[in-house]
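Residue strings, one per chain:
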Amino acid sequence: MLTSAMCLAKYGKPELEKAMVLWDVPSHLEIGVIPKRIYCNRDMIAPLTQAFQKLIETGHVKELKTWDGCFNIRNKRGASSASLHSWGVAIDVNSAWNGFGKKPTLSAGFVKCFTDSGFDWGGMWSKPDGMHFQLKNEA
Ligand SMILES: [Zn+2]
């Protein structure tokens, strides 16, 4: 799994925002609450494009109720290490129904759109973070 130490080595200090880009989401992907622009890590563009395409193709885009952000320099909830949001390689969705430590409500089909596109899902963790998807470690 991708860790904050790996992100620090690859992208530098979060405050420098070295790998961050303002991605102008193609208009054919702007369905439902998918944003028009996302400030994210450049490495997120290809996997997010694929995940959005899958959400649209499978109809799961209807389940996307809220887009709850990507880049945010902060520590992980309940931990002293930096959240992967600090490097813009994680997103949160439907946070009101998928709170940290609570049972996730996203459907398996919705989750698969992301896990088939290069993301790990926080809903699988021992303390679930069901709103959270982050880039897989490709090393
Ligand atoms: Zn998150």
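On a predicted model such as this, the values are computed, not experimentally measured, just so you know.

### A short note on the coordination of the zinc ion
For the zinc ion, the protein coordination sphere consists of H85 (NE2), D92 (OD) and H132 (ND1), at 2.0 Å. Coordination of the zinc ion draws on donor residues from a single chain, spaced H-x6-D-x39-H in sequence. Note that H85 is positioned in the loop between α2 (45–58) and β3 (90–92) and H132 in strand β5 (residues 132–135), a separation of 47 residues in sequence. Judged by relative accessible area, H85 falls into the buried class, the value being 2%. Classification of H132 as buried rests on a relative accessible area of 4%.

### Brief notes about the nonpolar core
By size, the foremost hydrophobic cluster in this structure holds 35 residues, and its most contacted members are L48 and F133. Secondary-structure elements contributing two or more residues to this core are α1 (4–11), β2 (37–41), α2, β3, α3 (108–115), β4 (119–121) and β5. Dropping the residues within four chain positions of it, F133 is found in contact with V89, A90, I91, V93, L106, F110, V111, F114, F119, D120 and W121.

### Considerations on the packing of aromatic side chains
Overall, the coordinates contain eight aromatic pairs when judged by the stated rule. Here F110 and F114 contribute two aromatic rings whose centre-to-centre distance is 5.7 Å and whose plane-to-plane angle is 40°, an arrangement assigned as tilted. Residue F110 and its partner F114 are located together in helix α3, separated by four residues, close to a single helical turn. F114 matches F110 in its accessibility class, with the two residues each being buried. Both rings, one in F114 and one in F133, keep their centres 4.3 Å apart while their planes meet at 20°; by these two values the pair is stacked. With F114 in helix α3 and F133 in strand β5, this residue pair connects regions lying 19 residues apart in the sequence. In this pair, the class of F114 matches that of F133, namely buried. Taken together, the aromatic side chains of F110, F114, F119, W121 and F133 make up a single cluster linked through ring pairs.

### Remarks on the packing of α2 against α3
Helices that pack against each other are described as a pair by the angle of their axes relative to one another and the distance between those axes. The N-to-C vectors of α2 and α3 enclose an angle of 150°; their axes lie 8 Å apart at closest approach. Here α3 runs roughly antiparallel to α2, going by the angle between their axes. Note that α2 runs across α3; the crossing there is right-handed. For the pair α2 and α3, contact is made by L48, A51, K54, L55 and T58 and by F110, C113 and F114, respectively. Partitioning the contact of α2 with α3 into residue classes produces six nonpolar, one polar and one charged.

Conventions adopted
- Sequence positions are assigned chain by chain, starting from 1 and proceeding in written order.
- Local features in this predicted model are restricted to residues of pLDDT 70 or higher, and side-chain atom pairs are both shown and tallied only at a pLDDT of 80 or more, whereas totals for entire chains, interfaces and linings draw on every residue.
- The basis for every side-chain value is the complete set of heavy atoms in the structure, and neither hydrogens nor water enter the calculation.
- Distances decide who is a donor: an N, O or S atom must be within 2.8 Å of the metal, or within 3.2 Å for Na, K and Ca. Water is not included, so sites may look incomplete.
- Helix and strand assignments follow DSSP, with helices taken as H or I runs no shorter than four residues and strands as E runs no shorter than two, numbered in order from the N terminus.
- Burial classes follow relative accessibility: with a 1.4 Å probe on protein chains only, a residue under 20% of its type's maximum area counts as buried, one over 50% as exposed, and anything between as partly exposed.
- Definition of nonpolar core: a set of buried residues of the types Ala, Val, Leu, Ile, Met, Phe, Trp, Tyr and Cys, connected through side-chain atoms within 4.5 Å.
- Two residues qualify as a contact provided that any one of their heavy atoms is within 4.5 Å of a heavy atom in the partner residue.
- The criterion for an aromatic pair is that two Phe, Tyr or Trp rings (for Trp, the six-membered ring) have centres within 6.5 Å, with stacked assigned to planes under 30 degrees apart, edge-to-face to planes over 60 apart and tilted to the rest.
- Axes here refer to lines fitted to C-alpha atoms; in helices the fit is confined to the stretch in contact. Angles between the N-to-C directions go from 0 to 180 degrees.
- Should an angle fall under 35 degrees it is called roughly parallel, over 145 degrees roughly antiparallel, and 65 to 115 degrees roughly perpendicular, with every other angle called oblique.
- For any pair of crossing helices, the crossing counts as left-handed if the nearer helix is rotated counterclockwise from the farther one by less than a right angle, and right-handed if it is rotated clockwise.
- As a working rule, the residues Ala, Val, Leu, Ile, Met, Phe, Trp, Tyr, Cys and Pro are called nonpolar, Asp, Glu, Lys and Arg charged, and the rest polar, with Gly in that last group.

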